[in-house]
Amino acid sequence: MRKLIYIFSLVALFGCISAKAQNYKTHKVEVGETIEQIATKYSVTKSQIYALNPDARKDIKPNSVLIIPNDSVVPNRPSVSEVKTLEGFKKHKVKRKETLYSLAKEYNVEQEDIKKHNPDLYANNLRKGDKIKIPIYKVTKEVVEAEGVTNSYTVKPKEGKWRIAYQYGITVQELEALNPDMEEVLQPGSVIIVPNLEMEEVKTFDEKYSYYTVLKSEGFYRLKVKTGLTQEQLEKLNPDLLTIGLKEGMVLKIPFDANVRSINEGSGPLDDVRLETSDLTSRNLDITTKHIAIMLPFKLNKMASDSVNDNKKFITDDPYASISLDFYSGVKIALDSLSTLGVNLKVDVYDSENRESQVTSLVQSTAFDSVQAVIGPIMPKLFDVASASLKSKNIPLISPITKTVNLSSNVFQSRPSEELMESTLLNYFKADSTAHFIIVSDMKNKEKAETLKKIFPKASIVMSRKVKKTGADSYYILDSDMVSVLKSGKNVVFLETANPGFVSNVSSILNSKIKPSIEIVLTTTNKNKAFEDDEVRNTHLSNLSFTYASINKTFSENDDNSFTKRYKTLYNETPNDYAVRGFDLTMDVVLRLVTSEDLYLSVNEAPLTAYVENKFAYKKKLFGGYFNNTVYLVKYQDLKVVEIEQ
């Protein structure tokens, strides 16, 4: 570094380096001026100034001179300079009208060079008849290495350009300029060039945030549309914006948000990248005791202590008690499996009784002070009460099966939203450019049919027939209705209804229309119980490759599944969806706790996990909690439900 500074000092004092070849300029610091202001003035980064002026990191004094790289200079490039070496002198007798300027031009030297070797000229003007010495220089090219300006960096696993650019305070484009031969996707172990910063100047990558790369011509208004963040909020998260403003390729720290297509590790938007499933059981497990609580509406207060038959009837008739017991049956097997893995757990099980006063009393007790995660309650209102009470303690609550809850900052909504399931299904079919789309709907779902028509404008619509006298929906179509809209090739039929008779009617007609020249795929945006009714033939659904989005996949009893085997051995029956979810969710929550510092950090350290039927890929909503951002696409195939690879 000192070598570089010394060379540039010579430039300023003696002009030995050609100005035409200079890639740097100097700046005299004014009173009250800061590095940020200087960087902004010259459109360079603070790190570039610090790299050339290491003492400036501590303090800059008025009237001190800083070396500033030109805008076009790439920081790690060595500068090529013309260096003049004095070889001797030529005697010259000054003629009439000759000046220092004309002599400098004639002998291709600087006026200062002539004066330096003829000191009298500093005090006297050049006169006719003066005998002076003209210095003769040998001009050579010298490469001045930018010593200390840059440093080498070894790429770590999963690191992308954007992350490294953010940490070193440069744009992605500047990083690429530093490394013209850098691969598009960085490989672990690759060595690249980065600015040479002190350790404390390298920005910390915070796993609790997302990071966004500013696009070309993107301003604060456009960023607000994308992220929901105002300029003031962005500047608070990214102080550099106050001094250097927005720049293309700049990496901004932002909170997680479902609506922002966040950049992923060197590959582009997160939503465009297929996440790899994390097997948490293969990681190093924290053996310290973890404390969780489970809160379900068992309603033990409603059960009779001396009547087995009454209790059986109560459990059968009360849906919450029945769901809770099924869910907890899976939880118990998960706890046993975790114990086998060597996980140490303290588990508190509470009966919420499905009463707000009971939930309030429980969560406000000191028993929850050391709890690291709470599974439940089930009812949305009671869940919101619990989350609000535990928010101040930063205790995460996981919603087990509820579709909609208030997504506070400490909430994990484990069930994917209906909107996500629908959009996943629609995106899957929108990607098929070869298919002809048909929308079949009853009158109750006419609005949904019209929405689908906007998404698939070339689609044909078939509505259910009406009773002629009353105009009521009769929930059927005719054979001729489908004949008129089916085409050769692939036909995707959306069936929008909750009426099992209509499902049976349409699926039967479609099944009869399958030919070698006509492929028919049946689907729906709302897979409800009507499609599972006894009136609907599974053979028809299988022949039609019935496709839908689901929060879970159906496991096969023939699968080599230790959970299913243990469940049958313990309870003498096959586990239902609630039991499987109890197992999957408990395994996921606890394994996240024992492989990460807490549940919040596990969101980034384990982006996607999958178990028997359920998978979890949490994302954080802007200024809110976490939601499960992954669903299954499944279809009927050979009388089984199988997962579709997305």
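Digging into the sheet that holds strand β12 (residues 345–351)
The mixed open sheet is built from seven strands, whose spatial order is β12-β11-β13-β14-β15-β24-β23. Bordering the open sheet on either side are β12 and β23 (618–620), each of which pairs with just one other strand. Between one strand axis and the next, the sheet turns by 20 degrees as a mean value, whatever way the strands run.

Examining the pairing of strand β17 (residues 460–463)
Relative to β17, strand β16 (residues 436–441) is paired through four bridges, and the arrangement is parallel. Its bridge partner being in β17, serine 441 is matched across the sheet by methionine 463. Since β16 and β17 lie parallel, the crossover through helix α17 (residues 446–455) that links them has a hand, and here it is right-handed.

Some remarks on the pairing of β16
Counting buried residues along β16, six of its six residues qualify, which places the element largely inside the surrounding structure. Every second residue of β16 is oriented toward a common face, with His436, Ile438 and Val440 on one face and Phe437, Ile439 and Ser441 on the other, all of them buried.

A few points about the nonpolar core
In this structure, Ile398, Phe412, Leu585, Val589 and Tyr618 are the most contacted members of the largest nonpolar core, which totals 40 residues. Among the elements of the structure, β11 (290–296), α13 (319–340), β13 (373–375), α21 (562–571), α22 (577–595) and α23 (599–605) are those that each provide at least two residues to this core. Among the elements that make up this core, the one with the highest residue count is α22 (10 residues). Core analysis: the next-biggest nonpolar cluster, separate from the first, contains 27 residues, Ile518, Ala530, Leu541 and Phe546 among them.

Some words on the packing of aromatic side chains
Centre-to-centre distance and the angle between the planes together describe a pair of aromatic rings. Throughout the structure, instances matching the rule amount to 23 aromatic pairs. Centre to centre, the rings of tyrosine 611 and phenylalanine 616 are 6.2 Å apart; their planes meet at 55 degrees, and the pair counts as tilted. For tyrosine 611, a relative accessible area of 19% puts it in the buried group. Cluster of aromatic residues (ring-pair linked, three or more members): Phe412, Tyr600, Tyr611, Phe616, Tyr618 and Tyr626. The ring of tyrosine 166 carries lysine 203 above its face, with NZ or CZ at 4.9 Å from the centroid. Between lysine 527 and the ring centre of tyrosine 548, over which it is positioned, the NZ or CZ distance is 4.9 Å.

Observations regarding the pattern of salt bridges
This structure, assessed with the given rule, holds 18 salt bridges. We note a salt bridge from lysine 403 to glutamate 418, for which the minimum N-O separation is 4.0 Å. Here lysine 403, found in the loop between β14 (397–399) and β15 (411–413), pairs with glutamate 418, found in helix α16 (residues 418–430); they are 15 residues apart in sequence, far enough to count as distant. For glutamate 532, the salt bridge is made with lysine 527, and the minimal N-O distance between the two is 2.4 Å.

With respect to the layout of surface pockets
Of the voids in this model, the second largest pocket is the one considered here, and its volume is about 1,600 Å³. Lys527, Glu532, Ser550, Asn552 and Asp577 are the residues nearest the centre of the second largest pocket, which is lined by 44 residues in total. Looking at the lining of the second largest pocket, its residues break down into 20 nonpolar, 11 polar and 13 charged.

A look at the side chain of serine 507
Looking at the element boundaries, serine 507 is found in helix α19 (residues 500–512). Here the side chain of serine 507 touches valine 503 through a polar contact of 2.7 Å, landing on its backbone oxygen. A distance of 3.2 Å separates a polar atom in the side chain of serine 507 from the backbone oxygen of serine 504. The residues contacting serine 507, other than those within four sequence positions of it, are Leu522, Val536, His540 and Leu544.

Here we look at unusual backbone geometry
Cis geometry is adopted by the peptide bond preceding proline 377, which originates at glycine 376 and carries an omega value of -5 degrees. Position of proline 377 relative to the elements: it lies in the loop between β13 and α15 (380–390). Positive phi values are uncommon outside glycine, yet asparagine 63 reaches one of about 75 degrees. Summarising the element assignment, asparagine 63 is placed in the loop between α3 (46–52) and β2 (65–69). Here leucine 639, not a glycine, exhibits a phi torsion of approximately 65 degrees, which is positive.

So, a positive patch on the surface
Residues Lys91, Lys93, Arg96, Lys97, Lys128 and Lys131 make up a contiguous surface patch of positive charge. Checked against the element boundaries, arginine 96 lands in the loop between β3 (79–93) and α4 (100–107). The exposure class of arginine 96 is exposed, given its relative accessible area of 60%.

About the cut-offs
Throughout, residues of each chain are indexed from 1 in the direction in which the sequence is written. Per-residue local features are limited, in this predicted model, to residues with pLDDT of at least 70; the limit for side-chain atom pairs, both in listing and counting, is 80 or more; totals at the level of whole chains, interfaces and linings are taken over all residues. Here the side-chain values reflect all heavy atoms present in the structure, with hydrogen atoms and water set aside. A pair of strands counts as paired when DSSP detects no fewer than two bridges linking them. The numbering of helices and of strands both runs from the N terminus, where a helix is a DSSP run of H or I of at least 4 residues and a strand a run of E of at least 2. Note on geometry: axes are C-alpha line fits, over the in-contact stretch for helices, and angles between N-to-C directions span 0 to 180 degrees. A clockwise course of the path from the first strand over the helix to the second, judged with the strands pointing away from the viewer, identifies a crossover as right-handed. Each residue's exposure class comes from its accessible area (1.4 Å probe, protein chains only) as a fraction of the maximum for that residue type: buried when under 20%, exposed when over 50%, partly exposed otherwise. Only buried residues count toward a nonpolar core, which is a set of Ala, Val, Leu, Ile, Met, Phe, Trp, Tyr and Cys residues joined through side-chain atoms within 4.5 Å. Only Phe, Tyr and Trp rings are paired, with Trp represented by its six-membered ring, and only when their centres lie within 6.5 Å; those with planes under 30 degrees apart are stacked, over 60 edge-to-face, the remainder tilted. The criterion for a charge sitting over a ring is simple: Lys NZ or Arg CZ within 6 Å of the ring centre, and within 35 degrees of the ring normal. When a carboxyl oxygen of Asp or Glu is within 4 Å of a side-chain nitrogen of Lys or Arg, the pair counts as a salt bridge. A pocket here means an open set of points on a 1 Å grid, computed over the protein atoms alone, that has protein on both sides within 12 Å along at least five of seven lines. A cavity is instead a set of points where a 1.4 Å probe fits but cannot get out; residues with an atom within 4 Å of a point line either one. Grid points are joined across faces, edges and corners, and a volume is the space filled by probe spheres set on the points. Side-chain classes follow a simple rule in which Ala, Val, Leu, Ile, Met, Phe, Trp, Tyr, Cys and Pro form the nonpolar group, Asp, Glu, Lys and Arg form the charged group, and the remainder, Gly included, forms the polar group. Identification of polar contacts relies on pairs of N or O atoms within 3.5 Å, with a donor-acceptor requirement for protein atoms, meaning one able to donate a hydrogen and the other able to accept it, and with residues adjacent in sequence counted only if both atoms are side-chain atoms. Contact between two residues is taken to exist if any of their heavy atoms lie within 4.5 Å; hydrogens are not considered. Nonpolar side chains (Val, Leu, Ile, Met, Phe, Trp, Tyr) are joined into patches within 5 Å and like charges within 9 Å, using only residues with over 30% relative accessible area and no salt bridge. Calculation of accessible area relied on Shrake-Rupley with a 1.4 Å probe; when residues are assessed, cover is drawn exclusively from the protein chains displayed. Positive charges come from Lys and Arg alone, negative charges from Asp and Glu alone, with His and the N- and C-terminal ends not counted. Taken as the charge location is NZ of Lys, CZ of Arg, CG of Asp or CD of Glu.

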